Structure formats: C-alpha cells, structure tokens
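Residue-level structure breakdown
Here are the chains, one letter per residue:
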Amino acid sequence: MHLLQDAAFGDRIITLMAALVLVLQIAAVGQRWIVSSIRIFAVQSFLLAAIAGIIAYFNHANHIYVAAFLTLVIKAGLLPWLLEGLVEKIRIRREIEPLINAPLSILISGCLTLVGYVVASSFYHPEETAGRAALGHNTLAVAVALFLIGFFTMLNRRKALTQVLGLLSLENGLFLAAISLTYGMPLVVELGIFFDVLVGVLVLGILVFRIREAFDSMDVSKLRKLRE
Amino acid sequence: MVLLWLLIVPLVASPLAFFLRRRAVMERVNLVAFAVLSCLAAILTVQVLRRVSVSFWNGFFYADALSALVVLLTSFVSLVCSIYAVGYFRQDEKSGVFQEKSELQPLLVVPKLREYYSLTPLFVFSMVLVALANNLGILWVAIEGTTLASVFLVMFYGRETSLEAAWKYAIIGGVGLSMALFGTLLTYYSAHRVIGTDTLSGLNWSVLVGNAVQFDKPTMRLAFILILLGYGTKAGIAPMHTWKPDAYSEAPIPAAAMLAAGVLNCALYGLVRFYILTSRCLGPEFASHLLILFGLLSMAVAVPFILVQKNFRRMLAYSSIDHSGIMVLALGFGGPLGVLGMLLHMTFHSITKPLLFFCAGNVQQHLKTELFREAKGGLVHSMPLTGAAFLMVTVAVTGAPPFSLFLSEFTILRAGFSGGHFALAILFVTFLVAIFSGFLIHIANLVLGSDPGLPPGETCRWKKFSIVGLASMIILIGFWIPAPLFRLIQDAADLVTGAR
C-alpha cells in the first residue's frame, strides 16, 4: 500500500510532530532571548499547520485545509514578523531573570506535561469517536500540556512581550486541542478566532510599545502604581 | 431583518465618526446611531414577544427573549452614555486635560475624541453581536471583540496608570477568555456525537439546546468549570476581578459606565447560555454549587474594599464586583424565582449603574481628584443637582427601597430561602447591609457637610440633562415596570429554567 494512503503512517507523522511541538514549548520555557522565543513560536505554528494539513488530507476535510493555511500565513508568518519588528523597534532583546530559574522551570513544565496526560485521559474516549480514520487523537494530551505551560510562562515571565508570546502559545494549545478533539471548530468560528488573534496581537503590540515609551522598560513588575 | 440592522448601524457609525473628524459631527453620529439602535432594539423586543424567536441568514443570527433583553439594555446604556459623553469631553477640553500633558506627549483634542467616538460604536457592535450570535463560538469571538475594542478606551488618557490598567485588562481578559474558548471547545466535543461535527451549524445554540440531555457528561462538567472561570473573568467575579478597579478608574467615565453596565451583561449572558446547557445535561445541582460559591466570594471580596475605600472611582468598581456576584449567586439559587431575580437585577442594574458613574464623573471633573480625602465634603453646595442625584443613586444601587434593585434583591433572597439555602441567604443579606452602610457613609461624607466655598460646578446642559433624565427613569421604574419589559424578562427567565 502506498504510504500516502496509509492512515497509520499519517498517524505516526502526526504523533512525531506533536512531540516536537511539545519539545519546542519546553525549550521556549528555558529561553531568554526574545527573538529566539518568537522563532520557536513560528516553528511551532508551522508544525501545527502541518498537523492540520495532514489530518485534512487523510480525512478529505476541506475546512481544515483553510485552518491549516491560515495558521501557516498568520501564525507562522505574519505574527512572528510583526513581533520581530516590534523587538527591533523597542530594542529589548533579552528577558530579565524570570521568577523561577530555567532548570526548575523546565522541571515544572515536565510536571505540567504529566498533568496534561492525566487530564486528557480522564474525559477522553477515542474508541467512541472513531467514526473516520482516528488520526491525531493522541495529541490532546500535548494540547493540554501546551495550554498549561503557556499559563506557567505568563506567570513566570515579566517582560510584556514574553507575556504576549505566552498568550499565543495558549492559543496554539487550543488550536491543537480543537483539531484532536473534533477536527477543528466550525469554519466560521475558526475564522473569527484568527481575526481576534490577529487584532489582539496588534492591540497588545501597540500597548507594549506605549509601555516601553512611558516606563523605559517592558518589565511588567514595574506596573504597580495601581494599588489599594 | 432587524437583526442585521442592529449590527449594521453601529458598524457604519464607527468609520463615519472616524472620517468626518469634526467634533460636533462625531458627537451627533454617535447620538443618532445609538438612538436608532435603541429603536431597533425596541422593535426586536416586540417581535420576540410575538414570535418567541427571530432568526436570520439560516439561523446564523438568532434572538430569543434573553438576547432581546441584553440588546435592549446594551442599546439603552450606550445611548445614555453617549449623551453624557458629549458634556464630559467638552468639559475635559475646557479644563485642559488634553493640553497639559502627561509624561508622554501632548494629547491633541480632535484625534483623541475621534478615538473615543469611533471605537465606541465598534465596542457596542461587539456587545450586540454577543447577544445575536447563534453560534457559541461566534459568541466567544464577539466577547473577545469587546475586550479588543475597549483596550484603547481604558488607556484613553495615556497616563502611566492608564497603560498599567489597560495592560492588566487586556492580559487578564485574554487569559480568562482562552479558558472560555477551551470550555466552548469541550462543549462542542461533548455534543459532537449527538449532532455531528463538520456542519456550519455545529455550535449553534438553537441546535445544541434541544439535544443537551444526551451530551457527554464528564466533558460537560469540565467545560462548565472553564466557562465559569472564563466568562467570570470578563464579568469580574472574584478571584478574577483584579483588573476591574484599575480599568474602571482609568477609563473615561462614559466608557467605564459602558464596561460596568454593558460588558457585564454580555459576559453573564454567555455564562447563562452555558448554564442552560449544563443544567439540562447534568441537572441543576452541579452548576448551582459553583455559582453560589463564586457569587458569595465576589460579594465577600467587595465588602472590605468598599468599607475602607479611599478612592470613589475604585469604589464603583467594587460595587460592580458586588453586583456581578449577586447575579451569579441568584443564578446559583436557581429555580423560577432565582433566575427571575437575576434577570430583574440585570435590568435594574443596567439602568441604575450609569447614573452612579455620571455623578462620580461630575464630581471628579469639578474637584480634579478622585480621593475622598481631598474632596473635603460639602459638595451639595457647589453642585446641588449632582449631589442630590449621587445620594439618591447610592441608595438605589445598594438596593434600598423604594428603588427597583430592592425588588430584585428581595426576589433573590426569597429564591434563597425557598431553595433551602438559609445560611447562605443570611450571609447574602449581611453582605448587602455591610455594602449599603459603607457606601452610604462614604458618599454622604462627600456630598453633605459645610460649604467648602467652591465655585458652582454645573454649567453643562448635556450633563444636567443626562443626570436628570436618568434619575427620573430610576425613580419611575421603582414604582412602575412597563408591562412589555416585564413580560420580556419573564419570558427570558422561562427560557433559562426550561419552562417554555
């Protein structure tokens, strides 16, 4: 049988890519150069687009092709480009020391991955959903882990821009979860989410720029005038 | 068809205000747009009362009594806020807020006003879309849209503190809403074996609600928790409320009033939709326990901050946290009485809350401070109208008779007792009394007292008009609720409890 018609082969490729996505996410936790974090996000989004494309190919589901294409253009291309432009403009290249140091952060991310597996297996019954070729069903745990690690990054990092990246990786986790659970959201919702992500990054980008102008720093921990 | 117009009107008003540039024109564009919107909302109400539900574009847009109620309240709030905004920004301009600047750069008057008058219709557009979207995914997109449209309104004055507030608002809102999206996704997953996945109408409310009994139960449980955390963040329920005092005290008054009386309803509307699905799927207990817990927690958090508050703008935010707690608690008590109490409270709160903000705005613009300590009391001598209205609306908003919020809080209390939650209902009353006394002491100290010798502060017709108009509506609705409005609320409550 030809490889390109063999669903088991597709499944293996998807699992491999999902594992890579997770590894990249953990690598981003230990990363201190902001540009590298942005590039990690870009590669991650590229892999997600590929996963979506493979699922679309094996299931002949046209609406997933659209989602894959948009992920490729917006999340792997446009957003990293915009964010790198912003880094150039505000001339901040490195994250300051995070609250928790890198080795411990990576350890915590590992634990969060385990939590992701436990959560995913607690309510997820792939045998019931196997109507079509049950592709990509083991990626839910990775998706939940991405989501949790994204949360952790946002708590741990203090630069405004890295928090935006944390928010984006939350969104990537959701995208993967949507693909592995239900083969994506309905197309119109998917389009709406892409629109919101794009506008959201523009708005937050302007905000980061203004904060940088006003405070001469992007350190969110300096934002603490408003107190009771 | 009216559904489409409800969306087109604010959507057209935004670029119109952006390109027409002249201040008087921008003001009028906003006023006319929101007046038309209110008329359309009234038409929608009539249609919904007659036909139960209205849909458009193969059910892409859909309105029943619940959505009509939210649209009606949103359009009302945006209309009164746009009337007040005219006077508010004219006074800002006169007192030179736009010229003296801040640490950053001089603010230019017209671009600043243009920012306000073109973003506000977009903001209103997304709030209306929240209520009219049939698809629960689009509902999420629209709620996220309200955040995106209002971030720049929060940082309108460009102070360092405004940037901080806007940042918190955007990031906490973004994280919260990502949880809500996860909840929406899980709802879709728990439903997809019943209704299939790849249709366009896969997440449509009108399809989901009929099949909710067969949804996958463990998934639905997790979904509701995520939805409660997500839309709860947007509604400012404790412990996700921390953005609220900052955003409410930094945004210009009309925008803050729209956040407090508009977005709050939209977030709760989203929560109610998922509550209906969850209680049909799992029975009412599961959701009830969570809602009661978060509702009482929000009220408990608001109490100490109101009692020792130094800043009256922040006090309004804690009042808003308190009120969203009350509504969530009412939903948790459930039953016909609890749900009716919640929707009555939503209605009365949306009518009362803007006036509280307007009075605070007048005081702040006159005294150039938002601290009780620097205000020194005796306000009624320089601003008799605002002072009187401020006292009245304080009594009204804390739920004292004869004002309408007393009626809704009493209904909620009865729901608590008839549901057998005696201890919780007593706790509810205790919190209400504490908040009432804290609020009244602060505002009475601000308004009453000997004359500090300030010049008279009420010169603007627009501000006087909006205050007198709104105050008379609040008094009126305390004694007489229009029959169609009450029927709309009753229909919406029946929808939630499944009585129809």
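**Some remarks on the overall build of chain A**
Within chain A one finds 8 helices and 0 strands. Helices and strands in chain A line up, N terminus first, as α-α-α-α-α-α-α-α. A total of 228 residues make up chain A; the buried ones form 47% of that total. Relative to all contacts within chain A whose residues are 6 or more apart in sequence, the contacts with residues 24 or more apart total 77%.

**Here's the deal with the overall build of chain B**
Looking only at helices and strands, chain B has 20 helices and 2 strands in total. Taking 23 Å as the expected radius of gyration for a compact globule of 500 residues, we find that chain B reaches 22 Å, a close match to that expectation. C-alpha extents for chain B along the principal axes are approximately 70 × 55 × 40 Å. Out of the 500 residues in chain B, the part that is buried amounts to 60%. A sequence separation of at least 24 residues applies to 80% of the contacts in chain B between residues at least 6 apart.

**Regarding helix 3 (residues 65-94) of chain B**
Residue and element names in this part refer to chain B. The terminal C-alpha atoms of helix 3, which comprises 30 residues, lie 44 Å apart, in line with the 44 Å expected from a rise of 1.5 Å per residue. At A85, helix 3 shows its maximal kink, close to 30°. Of all 30 residues making up helix 3, 26 are buried, and the element is well covered by its neighbours. G96 occupies a position one or two residues after helix 3 and carries a positive phi of about 80°.

**Notes on the environment of A:I54**
Residue and element names in this part refer to chain A. You can see I54 is positioned in helix 2 (residues 34-59). For the pair formed by I54 and L107, sequence separation is 53 residues and the distance between their alpha carbons is 32 Å. Those residues in contact with I54 that lie beyond four places of it in its chain are G10, I13 and I14.

**Looking at helix 8 (residues 187-215) of chain A**
With 29 residues, helix 8 of chain A should cover 42 Å at 1.5 Å per step; its first-to-last C-alpha distance of 41 Å lies within 8% of that length. At the exit of helix 8 of chain A stands A:D216, carrying a positive phi of roughly 55°.

**Quick word on the interface of chain B and chain A**
Tallying the contact residues gives 39 residues for chain B and 38 residues for chain A. Those elements that provide at least two residues to the side of chain B that touches chain A are helix 5 (136-154), helix 6 (160-195) and helix 8 (217-235) of chain B. Broken down by element, the residue count for the side of chain B that touches chain A peaks at 19 residues, all from helix 6 of chain B. Residues that form the side of chain B that touches chain A fall into these classes: 22 nonpolar, 10 polar and 7 charged.

**Points about the nonpolar core**
All names here are of chain B. L69 and L185 are the most contacted members of the largest nonpolar core, which has 266 residues in total. No other element matches helix 10 (residues 253-282), which puts 21 residues into this core. With near-sequence residues (within four places) excluded, L69 lies in contact with L343, T347, L488, I489 and A492.

**Digging into unusual backbone geometry**
Residue and element names in this part refer to chain B. Across the junction of A238 and P239, the peptide omega takes the value 0°, indicating a cis bond. Following P401, the chain continues into P402 via a peptide bond in cis, with omega recorded as 10°. Residue position: P402 is located in the loop between helix 16 (384-397) and helix 17 (404-418). Backbone geometry places V52, a non-glycine residue, at a positive phi of 70°. Position of V52 among the secondary structure elements: in the loop between helix 2 (23-51) and strand 1 (54-56). Taking the number of C-beta atoms within 10 Å as the measure of exposure, V52 has 12 and is therefore exposed. Even without being a glycine, N58 presents a positive backbone phi close to 50°. By the secondary structure assignment, N58 is in the loop between strand 1 and strand 2 (61-63). Looking at N58, the number of C-beta atoms within 10 Å reads 10, which means it is exposed.

**Considering the packing of helix 8 of chain A against helix 5 of chain B**
Across the interface, helix 8 of chain A lies against helix 5 of chain B with an axial gap of 9 Å and an inter-helix angle of 15°. If you check the angle between helix 8 of chain A and helix 5 of chain B, you find them roughly parallel. Between helix 8 of chain A and helix 5 of chain B the crossing geometry is left-handed. Here A:V188, A:V189, A:G192, A:I193, A:D196, A:V199, A:G200, A:V203 and A:L207 of helix 8 of chain A lie close against helix 5 of chain B, whose contacting residues are B:G137, B:I138, B:V141, B:E144, B:G145, B:L148 and B:V151. Here the contact of helix 8 of chain A with helix 5 of chain B is built from residues that sort into 10 nonpolar, 4 polar and 2 charged.

Cut-off values and rules
Residues numbered from 1 in each chain as written. Chains lettered and ligands numbered in written order. Predicted model: local features only at pLDDT ≥ 70, side-chain atom pairs only at ≥ 80, totals over all residues. Helix = DSSP H or I, 4+ residues; strand = E, 2+ residues; numbered from the N terminus. Buried ≥ 20, exposed ≤ 12 C-beta atoms within 10 Å, placed from the backbone. Contact = placed C-beta atoms within 7 Å. Rg over C-alpha atoms; globule rule 2.2 N^0.38 Å. Expected span 1.5 Å × (residues − 1). Bend = angle between axes of the 7 residues up to and from the residue. Nonpolar A, V, L, I, M, F, W, Y, C, P; charged D, E, K, R; others polar. Core = buried A, V, L, I, M, F, W, Y, C linked by C-beta atoms within 7 Å. Axes fitted to C-alpha atoms, helices over the stretch in contact; angles between N-to-C directions. Parallel < 35°, antiparallel > 145°, perpendicular 65-115°, else oblique. Left-handed = near helix turned anticlockwise from the far one by under 90°.

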